[in-house]
Every structure is written in C-alpha cells, then in structure tokens.
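# Breakdown of the fold
Read off the chains here:
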Amino acid sequence: MSLKKSTIYDLAKLADVSASTVSAVLAGNWRERRIAEATALRVQQIAEQHKFNVNRQASGLRKSRSGLIGMIIPLHDNRFFSGMAQTFEKLARERHWYPIVVSTLRDPALELETVSTLISYRVEYLLVVGATDPDSVSRVCRNHGVAHVNVDLPGTQATSVISDNYWGAQQLALGLIDRSRALRSSKRNKAFFLGGLASDYATRRRIEGFSDVVRERFGSIEPAQIDACGYESDLAEAATAALYRRLGGLPRALFVNSTIALEGVVRFLKTLPHDELTQCSFGCYDWDPFASVLSFPLLMVRQNVEGLLQEAFGIIDAGSFADRKIIEIRPQLLSL
C-alpha cells in the first residue's frame, strides 16, 4: 500500500490496530492508555517507514494543547548551557512533551522576540534560562497565559531555580587560598577575581562570596582585586596579561568566573614558563572535563544541571507557579 500522505486511519490499517491506538502512540501517551509496548513499537516503526509526521499545530488547536515545551538559553558555547539543553530534552521527553531549545545570544530584544515566536507555536510551558531581562520575558508570558520558570538567573515575576553562586564562590575561594603559597611580593600575595559582568546577578553573587572569604583570610580586599572584564575569552586573555604586567608576575591565587574566560586565561598562561605557573593557585567557577589535561592543577565548580532542571520540572509538574520564590541548588567543588 503506497501512502504518500498517510493518515492515522491508514496507519491503523497497516498496524492492525484502532485509529485511537495510533493517535495515542504518536502523541506519546500510550503507556497511560495501557497499550502494549510491542504494539507501540510496531506503530512507531510503520509511521517512520511511511514518513508520517504529526501536525503539532493542528493537533494543538483541536485539543487546546500542543504538547510543546520551550527553553531559551543565552548561548550553546559552554558545557553548562549545552548540558542544560540535553538534560531539558531528556526530562521533557520522559513526560511525553516535545522540547524546543533556542539560544538568544544574551540579547534582551532577541529574548522577547524568541519568546513571542515560541508562544505563537503554542508552547505550553517555558523555561527561561540565563535571561538578561527575565522580568520582561515574564510579562510577555503572563500576557499570553504561558506558565514559566526562571533557571540560572532569577527574576521577580516568576519562581526562579538558580545555583547557589555565593556559596559556590566561597568554597572555590577557600580552596584556592588553602592550596596557595605566600609570595614575598606584597602586590602579588593576593587573590584576584577575573571575568563576567558585575551587573549580572550570578557574577555579582560570586564576587560577594569571593570578597567575603578574602576579607576573612587577608583582612581586607581592594577594588583592583576584582576585574569583571566580561565573558569573552579575548577580554579575559587581555585582562590576565594586564594583571601580570601590573603585578610583575602571577598573583598568589586567581579565581576565573567561567570556562569561556578560562580559555583566554590559558592562552596567556601558555606564553609563560611552566615554573611561573606553580606560583599561582588557579580556580574556575564552572566545569569542563578537558581542563584535566592542563599542565597545572585547577579547582573547578561544577553546577548541578540535573538538580536545577529536576527542580524546575517539579514546579511544572506540581503547577506551583504563583510563589515567585528563589530556590538555590548548591554546586560541587572539584579538584582537577
């Protein structure tokens, strides 16, 4: 039987099942209907053989729901956000939802445009990850009745699930200082923070955690010990080179705010003799396993992506969107 434009009735005839069974299998809720797995697999294989696709928009209009769940992220350029996208898709599919992930390039206007587009496709829920202006996104979602949760960066108009950036920064700063060695130069015998933007909530909380530890251990901290030079690796490379020239060498400890900034730091460090690297204790707030191949020890903070998204999906599962509270998930300190 040739099926150029297959219908569920055609597929039902081929699979020797009812049309409602085909519909349940294609919609992903066959387990709830207590349809045998063997039957579901047979329907899925036949649908694939005949290139059958569900028209999600038409189906959504008929049922007043689409089965779509969206997530916006700033970028795909590091393991944290790419891991966030992968975990989001896994958790969505476990619930028989159809996930859509779009990056917004840290552009507030693009965030609003992307969210409006996703809403036009009738997404039922939205995870707003790392948005530069989460409250503006919330207003758009609320105007269209779309339930949503902020993840990574908090807002005031929706419940937010974020890393405990202050606590994580404290643990990293303590680890860096504890494994560092005192240097004779008073200018270099200090811990320095590099990367990120001080206007960002996550960077600001990390600076606060770092600063409190430095004050506790050294008695004070100077403004020059904080350089929120941005996220781009080129900026971090230039900032590290400038710090090296200003101090006449590497500092006692260097806290790098992200793996993207770490790329720039490492590019500069490659220009130095290896003996100089042993005089500094290095740490990065974020994690990438490739850091284990570096020629010097490194402390890293691994954010709990699974924990963040499990909590966010728990809010969606429970339908508890009205609280507008901030839930903090603690990260993990790793030594590489």
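I will try to describe carefully the structure that is included in this document. These numbers were taken from a predicted model, which means no experiment stands behind them.

Next up on the list: the nonpolar core. When a protein is soluble and globular, its nonpolar side chains tend to lie buried together. Counting 29 residues, the largest nonpolar core has Leu-250, Leu-254, Leu-269 and Phe-282 as the members making the most contacts within it. Residues contacting Leu-250, with those up to four places away along its chain left out, are Leu-183, Arg-188, Tyr-244, Leu-269, Leu-272, Glu-276, Leu-277, Cys-280 and Phe-282. Residues Ile-73, Val-129, Val-161 and Ile-315 belong to the second largest nonpolar core, which totals 25 residues.

What follows deals with the sheet that holds strand S12 (residues 332-335). Taken together, six strands build an open sheet; the order of strands is S7-S6-S8-S9-S10-S12 and the sheet is mixed. Of all strands in the sheet, those with a lone pairing partner are strand S7 (226-227) and S12, marking the two edges. Sheet analysis places strand S6 (residues 191-194) next to S7, joined by two bridges and oriented parallel. When the bridges of S7 are listed, Leu-194 appears paired with Asp-227. Here helix H9 (residues 201-218) sits on the sheet and contacts S6, S7 and strand S8 (253-256); the angle it forms with S6, its principal contact strand, is near 180°.

Relative to each other, helix H5 (residues 79-94) and helix H13 (residues 305-318) sit at 40°, their axes nearing to 10 Å. What the angle tells us is that H5 and H13 run oblique. Note that H5 runs across H13; the crossing there is right-handed. Here Phe-80, Gly-83, Met-84, Thr-87, Phe-88, Lys-90, Leu-91 and Ala-92 of H5 lie close against H13, whose contacting residues are Val-305, Glu-306, Leu-308, Leu-309, Gln-310 and Phe-313. Split into classes, the residues belonging to the contact of H5 with H13 amount to nine nonpolar, three polar and two charged.

Two side chains of opposite charge can pair, provided their charged atoms sit close to one another. Here the structure, examined in full by the defined rule, presents 11 salt bridges. Between Asp-164 and Arg-330 there is a salt bridge; the shortest N-O distance is 3.9 Å. Residue Asp-164 is found in the loop between strand S5 (160-163) and helix H8 (165-179), and its partner Arg-330 is found in the loop between strand S11 (326-329) and S12; the two are separated by 166 residues along the sequence. Look at Asp-164 and you get buried, because its relative accessible area is 11%.

A few words on unusual backbone geometry. Of note in the backbone geometry, Asp-16 takes a positive phi value of approximately 60° without being a glycine. Counting through the fold element by element, Asp-16 comes out in the loop between helix H1 (8-15) and helix H2 (19-27). One non-glycine residue, Asp-152, lies in positive phi territory at about 85°. With respect to the secondary-structure elements, Asp-152 resides in the loop between strand S4 (147-151) and S5.

Procedures and definitions
- Residues numbered from 1 in each chain as written.
- Predicted model: local features only at pLDDT ≥ 70, side-chain atom pairs only at ≥ 80, totals over all residues.
- Heavy atoms only, no water.
- Core = buried A, V, L, I, M, F, W, Y, C linked by side-chain atoms within 4.5 Å.
- Buried < 20%, exposed > 50% of the residue type's maximum accessible area, 1.4 Å probe, protein only.
- Contact = heavy atoms within 4.5 Å.
- Pairing = 2+ DSSP bridges.
- Helix = DSSP H or I, 4+ residues; strand = E, 2+ residues; numbered from the N terminus.
- Axes fitted to C-alpha atoms, helices over the stretch in contact; angles between N-to-C directions.
- Parallel < 35°, antiparallel > 145°, perpendicular 65-115°, else oblique.
- Left-handed = near helix turned anticlockwise from the far one by under 90°.
- Nonpolar A, V, L, I, M, F, W, Y, C, P; charged D, E, K, R; others polar.
- Salt bridge = Lys/Arg side-chain N within 4 Å of Asp/Glu carboxyl O.

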